[in-house]
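# Structural overview
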Amino acid sequence: SRLEDFDVRKHESYNYYVIGGSHSAEARRQLVREHPTTYFFNVYVECKIYVLLTTDEAKLLVWDHNNDNDYC
C-alpha cells in the first residue's frame, strides 16, 4: 500500500503491471547481443514504482510515456 513497503526480494509475490517495458526489454536484448561487454546495456535498468494507481491513472501514464517517446 506504500512505496516504502516495496521489497525487491519479494517481487514475484506482488501483483503489478509493467507500463511501457516490453519494447524496451527487446531493444536491450538486441543491444546486449551487439555490444556484450558494454556495462550500461547489461546492468542499467530504470524502474518507477507507482502505488495504488487507478486504471485511469495508469492509462494516463501510458499515454504520457508514448507521447514522450513519439509512439503516438
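Residues numbered from 1 in each chain as written. Predicted model: local features only at pLDDT ≥ 70, side-chain atom pairs only at ≥ 80, totals over all residues. Heavy atoms only, no water.

## A look at the overall build of the chain
On a plain count of helices and strands, the chain comes out with 3 helices and 0 strands. From first element to last, N terminus to C terminus, the chain shows the α and β order α-α-α. Considering the chain as a whole, with its 72 residues, one finds that 1% of them fall into the buried category. Put simply, the chain shows about 6,700 Å² of open surface, and 54% of that area lies on carbon and sulfur atoms. (Helix = DSSP H or I, 4+ residues; strand = E, 2+ residues; numbered from the N terminus. Buried < 20%, exposed > 50% of the residue type's maximum accessible area, 1.4 Å probe, protein only. Areas by Shrake-Rupley, 256 points an atom, 1.4 Å probe, with all protein chains shown as cover.)

## Topic: the packing of aromatic side chains
This structure, assessed with the given rule, holds 1 aromatic pair. A ring pair is formed by F6 and Y14, whose centres lie 5.2 Å apart and whose planes are at 25°; its orientation type is stacked. For F6, a relative accessible area of 34% translates into the label partly exposed. (Phe/Tyr/Trp six-rings, centres within 6.5 Å; stacked < 30°, edge-to-face > 60°.)

## A word on the pattern of salt bridges
Counted according to the given criterion, the structure contains 3 salt bridges. Note that E4 is salt-bridged to R2, the shortest N-O span being 3.8 Å. The exposure class of E4 is exposed, given its relative accessible area of 59%. Of the charged contacts in the structure, one is a salt bridge between D5 and R2, with a shortest N-O distance of 3.0 Å. (Salt bridge = Lys/Arg side-chain N within 4 Å of Asp/Glu carboxyl O.)

## So, unusual backbone geometry
Positive phi, close to 60°, is recorded for L52, a residue that is not glycine. A relative accessible area of 67% places L52 in the exposed class.

## With respect to the environment of Y16
Summarising the element assignment, Y16 is placed in the segment before α1 (22-34). Given a relative accessible area of 49%, Y16 falls into the partly exposed group. Between the C-alpha atoms of Y16 and V51, which are 35 residues apart in sequence, the distance is 9.2 Å.

## Quick word on the environment of L31
Looking at where L31 falls in the secondary structure, it is placed in helix α1. Of the residues examined, L31 reaches a relative accessible area of 31% and is grouped as partly exposed. Between the C-alpha atom of L31 and that of N42, which follows or precedes it by 11 residues, the distance is 8.7 Å.

## Digging into the side chain of D7
Positionally, D7 belongs in the segment before α1. Given a relative accessible area of 15%, D7 falls into the buried group.

## Section: the confidence of the model for the chain
Scored by pLDDT, the chain comes out at a mean of 78, with 83% of its residues at no less than 70. Within the chain, helix α2 (residues 39-43) has the poorest average pLDDT of any element, 77, and α1 the best, 80. (pLDDT = per-residue confidence, 0-100.)

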